[in-house]
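Here's the letter readout for the chains.
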Amino acid sequence: YASYVTSQITYLLQTSQALDTALQGTDLTAAQQAYMKARPYYEKIEPVAESFTVGSDNLDNDIDARIDDVPASQWEGFHRIEKGLFADKSLAGLAAIGDQLVANCKKLQTLTTGLTYQPTELANGAQELLDEAASSKISGEEERYSHIDLLDFQSNDEGAEQAFADL
């Protein structure tokens, strides 16, 4: 499973860099498309997102927190970008958030290189993710601005299936 996580983070970093480039520009539609291409790779590794904490750094929050998860002054990552692109329909102020997303994805790549996962961690993480998808993500709370929830469900399912297959 560690090699699966490594490959997905490689894709996450590549697509997050493309998103960051789009956020530096002026084409809202291109930035929205870049957002939709980057999202699945984080959702696929969510079964082990609890592993993404180093000291006081919680990379899961830094990359994937929703507005209700953290104080507004600390809100960054995909869902902050999502609000700007899909609710506000503006690129204003998103360039710096895109830069930080890429920096956090690089930290995540460094953190997960060589990381091992315990069987119970994989099983519990995958099951909890599927339970979350069935109970709260199904309501639209995950992608409340972009409404690409089905893409998230598919990615969560793939990541959980991979965890179970490796077990």
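Please refer to the structure higher up on the page.
So, a few notes on the structure that sits alongside this text. Small disclaimer: the values here were computed from a predicted structure and weren't measured. (Residues numbered from 1 in each chain as written. Predicted model: local features only at pLDDT ≥ 70, side-chain atom pairs only at ≥ 80, totals over all residues. Heavy atoms only, no water.)

### Let's talk about the overall build of the chain
In terms of helices and strands, the chain carries seven helices and two strands. Seen in sequence order, the chain has helices and strands lined up from the N terminus as α-α-β-β-α-α-α-α-α. Taking 15 Å as the expected radius of gyration for a compact globule of 167 residues, we find that the chain reaches 15 Å, a close match to that expectation. For the chain, the residues scored as buried account for 47% of the 167 residues in total. A sequence separation of at least 24 residues applies to 73% of the contacts in the chain between residues at least 6 apart. Total accessible area on the chain stands at roughly 7800 Å², and carbon and sulfur atoms take up 51% of it. Once the 11 positive and 28 negative side-chain charges of the chain are each reduced to a mean point, those two points are 7 Å apart. (Helix = DSSP H or I, 4+ residues; strand = E, 2+ residues; numbered from the N terminus. Rg over C-alpha atoms; globule rule 2.2 N^0.38 Å. Buried < 20%, exposed > 50% of the residue type's maximum accessible area, 1.4 Å probe, protein only. Contact = heavy atoms within 4.5 Å. Areas by Shrake-Rupley, 256 points an atom, 1.4 Å probe, with all protein chains shown as cover. Lys, Arg positive; Asp, Glu negative; His and termini not counted. Charge placed at Lys NZ, Arg CZ, Asp CG, Glu CD.)

### Topic: unusual backbone geometry
The backbone of Lys-89 sits at a positive phi, close to 55°, despite the residue not being glycine. Turning to its location among the elements, Lys-89 is positioned in the loop between α4 (78-87) and α5 (94-112). Exposure remark for Lys-89: the relative accessible area of 54% places this residue in the exposed category. With a phi close to 60°, His-147 is a non-glycine residue in the positive phi region.

### Here's the deal with the packing of helix α1 (residues 2-24) against α4
Packed helix pairs are characterised by how far apart their axes lie and by the angle those axes make with each other. With their axes 13 Å apart at the nearest point, α1 and α4 run at an angle of 35° to one another. Both α1 and α4 take part in a crossing whose hand is left-handed. Of α4, the residues touching α1 (which contributes Leu-12, Ser-16, Leu-19 and Leu-23) are Phe-78, Ile-81 and Leu-85. Residues belonging to the contact of α1 with α4 are distributed by class as follows: six nonpolar, one polar and no charged. (Axes fitted to C-alpha atoms, helices over the stretch in contact; angles between N-to-C directions. Left-handed = near helix turned anticlockwise from the far one by under 90°. Nonpolar A, V, L, I, M, F, W, Y, C, P; charged D, E, K, R; others polar.)

### Some thoughts on the side chain of Asn-156
Counting through the fold element by element, Asn-156 comes out in helix α7 (residues 149-166). Among residues more than four places away in sequence, those in contact with Asn-156 are Glu-43, Glu-46, Leu-129, Ala-133 and Lys-137.

### Some details on the pattern of salt bridges
Considering all chains together, one arrives at ten salt bridges under this definition. In this structure, the salt-bridge partner of Glu-143 is Arg-39, at a minimum N-O distance of 2.7 Å. Of the two residues, Glu-143 sits in the loop between α6 (119-135) and α7 while Arg-39 sits in helix α2 (residues 28-44), which places them 104 residues apart along the sequence. Residue class for Glu-143 comes out buried when judged on its relative accessible area of 0%. When salt bridges that share partners are traced, they join Arg-39, Glu-43, Asp-64, Arg-66, Asp-69, Glu-142, Glu-143 and Asp-152 into one network. (Salt bridge = Lys/Arg side-chain N within 4 Å of Asp/Glu carboxyl O.)

### Quick word on the nonpolar core
Among the nonpolar cores identified, the biggest contains 41 residues, and Leu-19, Tyr-42, Phe-78, Leu-85 and Leu-108 are the most heavily contacted of them. Counting residues per element, the ones that place at least two in this core are α1, α2, α3 (59-64), α4, α5, α6 and α7. Element by element, the count of residues in this core is highest for α1, at eight residues. (Core = buried A, V, L, I, M, F, W, Y, C linked by side-chain atoms within 4.5 Å.)

### Topic: the packing of aromatic side chains
Applying the stated criterion to the full structure yields six aromatic pairs. Aromatic side chains Tyr-1 and Tyr-117 sit 5.9 Å apart centroid to centroid with 85° between the ring planes, which places their arrangement in the edge-to-face category. Of this pair, Tyr-1 sits in the segment before α1 while Tyr-117 sits in the loop between α5 and α6, and the two are 116 residues apart along the sequence. There is no split in this pair, since Tyr-1 and Tyr-117 are both buried. Ring geometry for Tyr-11 against Tyr-41: centres 5.4 Å apart, planes inclined by 45°, an arrangement best described as tilted. Here Tyr-11 is found in helix α1, whereas its partner Tyr-41 is found in helix α2, with 30 residues between them in sequence. Three or more aromatic residues joined by ring pairs form one cluster here, namely Tyr-1, Tyr-4 and Tyr-117. The cationic tip of Arg-39 hangs over the ring face of Phe-78; the distance from NZ or CZ to the ring centre is 5.0 Å. (Phe/Tyr/Trp six-rings, centres within 6.5 Å; stacked < 30°, edge-to-face > 60°. Lys NZ or Arg CZ within 6 Å of the ring centre and 35° of its normal.)

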